[in-house]
Amino acid sequence: MKIGIIGTGYVGLPTGVGLAELGNTVICVDKIKEKVDMLKNGELPIYEDGMTELFQKNIANGRLSFTTSMKKAVEGADVVLIAVGTPPHPVTKEADMKYIHAAATELAEYLTDYTVIATKSTVPVGTGDDIEQLISIRNKTARFDVISLPEFLREGYAIHDFFNPDRIVVGSNSEKASQVIKELYKPFEGKTEMLFMKRRSAETVKYASNAFLAMKIHYINEMANFCEKTGADIRDVAKGMGLDSRIGAKFLNPGPGYGGSCFPKDTMAMAYMGRKNDVYLSLIETTIQKNAERKKEIANRVLKKVEEVENPKIAVLGLAFKDGTDDCRESPAMEIVSAMLEQDAHIMAYDPKAMKNAALLLGDKISYADDMYQAVKDADILVILTEWKEFKTLDLETVGDLMKGKRIIDCRNLLDKEKAISLGFDYQGIGQ
Ligand code: NAD
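Going along each chain's sequence as written, the residues are numbered from 1 onward. It should be noted that, the model being predicted, local features are given only for residues of pLDDT at least 70 and side-chain atom pairs only at 80 or more, the latter also being counted only at that level, while totals for whole chains, interfaces and linings use all residues. Note that water and hydrogens are dropped before the side-chain values are worked out from all heavy atoms of the structure.

(A) Region of the structure containing the environment of N311. Elements are defined by DSSP. Helices are runs of H or I of four residues or more, strands are runs of E of two residues or more, and each kind is numbered from the N terminus. Following the sequence through the fold, N311 ends up in the loop between helix 12 (282-305) and strand 9 (313-317). Once the C-alpha coordinates of N311 and G42 are considered, the two residues, 269 residues apart in sequence, prove to be 45 Å apart.

(B) Just the environment of G248, in detail. Within the secondary structure layout, G248 lies in the loop between helix 10 (234-242) and helix 11 (263-276). With 10 residues separating them in the primary sequence, G248 and A238 have C-alpha atoms 9.7 Å apart.

(C) Quick peek at the layout of surface pockets. What the second largest pocket holds in volume is close to 410 Å³. Taken together, the elements giving at least two residues each to the lining of the second largest pocket come down to helix 6 (127-138), helix 9 (199-230) and helix 11. Tallying contributions element by element places helix 11 first for the lining of the second largest pocket, with 6 residues. Side-chain classes are defined by residue name, with Ala, Val, Leu, Ile, Met, Phe, Trp, Tyr, Cys and Pro counting as nonpolar, Asp, Glu, Lys and Arg as charged, and the others, Gly among them, as polar. Tallied by class, residues from the lining of the second largest pocket come to 11 nonpolar, 5 polar and 4 charged. Cavities and pockets are defined on a 1 Å grid built over the protein atoms alone: a cavity is a set of grid points where a 1.4 Å probe fits but cannot escape, while a pocket is an open set with protein on both sides within 12 Å along at least five of seven lines, and lining residues are those with an atom within 4 Å of any such point. Grid points are joined across faces, edges and corners, and a volume is the space filled by probe spheres set on the points.

(D) Quick look at the site of the ligand. When at least one non-hydrogen atom of a residue lies within 4 Å of a molecule or strand, that residue is treated as near it. The environment of the ligand is formed by 28 residues, the closest being D30, K35, T86, E155 and K265. By the criterion applied in these results, polar contacts are pairs of N or O atoms within 3.5 Å in which, for protein atoms, one can donate a hydrogen and the other can accept it, and in which residues neighboring in sequence qualify only through two side-chain atoms. At 2.9 Å from an oxygen atom of the ligand is found a main-chain nitrogen or oxygen belonging to Y10. Within the side chain of S261, a nitrogen or oxygen atom sits 3.5 Å from a nitrogen atom of the ligand. For accessible areas, the Shrake-Rupley method is used with a probe of radius 1.4 Å. Any residue's cover is judged against the shown protein chains and nothing else. Coverage of the ligand by the protein chains reaches 92% of its 830 Å² of free accessible surface. Tallied by class, residues from the shell around the ligand come to 11 nonpolar, 8 polar and 9 charged. Domain extents, as shown, originate in an automatic or database domain assignment. When residues of the shell around the ligand are sorted by domain, at least three fall in each of domain 1 (2-197) and domain 2 (211-428).

(E) Focus on empty space enclosed by the protein. Counted under the stated rule, the structure contains 1 cavity of 30 Å³ or more. Counted as a void, the largest cavity has a volume near 30 Å³. Residue lining of the largest cavity: S121, T122, V123, S148, P150, E203 and K206, and that is the complete set. Its residues placed into classes, the lining of the largest cavity shows 2 nonpolar, 3 polar and 2 charged.

(F) Highlighting the domain arrangement of the protein. By the assigned domains, the protein splits into domain 1 (2-197) and domain 2 (211-428). Taken together, the 17 residues of domain 1 in the interface contact 17 residues of domain 2. Here the buried area means the combined drop in accessible surface, using a 1.4 Å probe, for two parts upon being joined, counting both sides. Both sides of the domain 1 and domain 2 interface together cover about 1400 Å² of buried area, and 55% of this is carbon and sulfur. By the criterion of area lost to domain 2, the three top residues of domain 1 are Y10, Y47 and E155, representing 39% of everything that side buries. Each reported salt bridge corresponds to a side-chain nitrogen of Lys or Arg within 4 Å of a carboxyl oxygen of Asp or Glu. One salt bridge in this structure joins R329 and E155, with 3.5 Å as the shortest N-O distance. Connecting domain 1 to domain 2 are 7 residue pairs in polar contact (both at pLDDT 80 or more). Residues of the side of domain 1 that touches domain 2, tallied by class, amount to 9 nonpolar, 4 polar and 4 charged. The contact definition used throughout considers only heavy atoms, calling two residues in contact when any of these lie within 4.5 Å.

Given below as structure tokens:
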């Protein structure tokens with residue numbers, strides 16, 4: 001099939017690479033010329049595990065290409081995937097639809113034969129109707145259907161998740177469009193469940209899923225607070241809970257709060273949609289509020305530990321919002337670092353992948369280390385904020401020799417608590 005993809009971000013790019021690998025001809029369009037130039041030169045603007053090889057292979061065999069021309073991507077395509085951003089509106093915090101509306105309007109005039117327009121972006125309920133209307137106004141003779149094809153991939157695992165989806169959700173009000181999508185996803189037949197439902201239901205599945213996962217994180221963080229007060233250990237509690245198949249072990253790791261480009265904005269958008277439809281989504285509203293407080297609370301924990309130290313030097317390990325990605329958007333680390341900077345802390349940070357993106361957000365307000373040992377040198381306290389596996393390998397004896405003060409706040413429970421204490425560290429994990 002010929003596929004056009006609008007937007008070459010964290011969703012559009014791995015999806016394009018994956019669909020090309022499955023044998024489709026994929027043309028990705030983005031309005032940022034520098035990004036497209038990079039892609040055309042065989043360079044990836046984002047880091048995703050396992051993407052480079054497939055990306056280069058499919059460019060070389062001619063199945064994957066990039067352009068700034070909407071016409072080239074859309075004309076003659078069987079399926080056009082919309083994968084542009086839906087950031088929070090600066091005032092209302094609902095999903096800002098300006099990129100979706102612009103993409104729908106721009107693509108309309110290039111629709112020639114029957115085309116399925118599939119929304120991969122996370123969009124509010126009813127967006128399919130809006131896209132349909134925008135296209136019809138712009139191109140009265142266009143033959144097309146709009147479907148919802150929500151994306152569930154995880155950043156850092158996007159390629160893995162493309163080829164191993166838990167489920168494929170298709171929101172379609174048209175049998176013809178459903179058949180096209182069945183054909184597109186034929187390679188997954190028998191391997192994963194494909195759910196067909198009304199367009200509005202599919203649009204809701206994505207928000208309901210993300211809000212639930214965010215709530216699960218908030219819940220385990222509250223349980224961690226409880227464990228800290230009572231002498232229980234959240235690591236054992238989470239294990240005990242997670243083995244219950246009704247609960248599941250994933251998303252039961254306490255930490256500095258959820259972040260990233262999806263959970264914060266999707267919970268806010270869902271809460272807004274609830275209010276707009278006179279349904280107060282109390283669990284989601286609370287989750288949003290408590291998650292914001294969580295980051296301030298973590299910054300205060302760190303500052304409290306060094307309140308006696310003049311001009312404390314803080315080593316931060318981890319800037320990305322989670323491991324496996326270079327994405328710092330809404331990263332808890334960004335907020336915690338900013339809160340600590342307000343108290344005149346000197347911060348030296350290291351992240352295996354996210355240094356460039358963090359520098360775009362934090363600039364020269366902090367210093368950046370070349371590796372984790374350089375980050376801890378002369379530090380009064382070490383704070384671990386992202387769950388990179390590499391941090392687990394820290395040699396605590398060396399760390400102890402390099403640091404000025406032997407204090408650790410391990411927000412991801414990565415280090416061996418007993419060992420740290422035996423080496424004389426003032427070690428504090430989460431919920432232990
Ligand atoms: P992103 O910001 O990384 O990428 C969006 C891209 O779209 C940008 O490169 C931008 O230049 C381009 N774009 C915007 N308008 C355009 C237009 N009119 N024409 C051409 N290109 C245009 O965003 P993302 O993280 O890939 O997210 C995209 C959508 O997918 C969002 O709705 C998001 O909620 C959803 N989603 C994201 C993830 C994730 O892990 N990032 C997972 C599932 C769903």
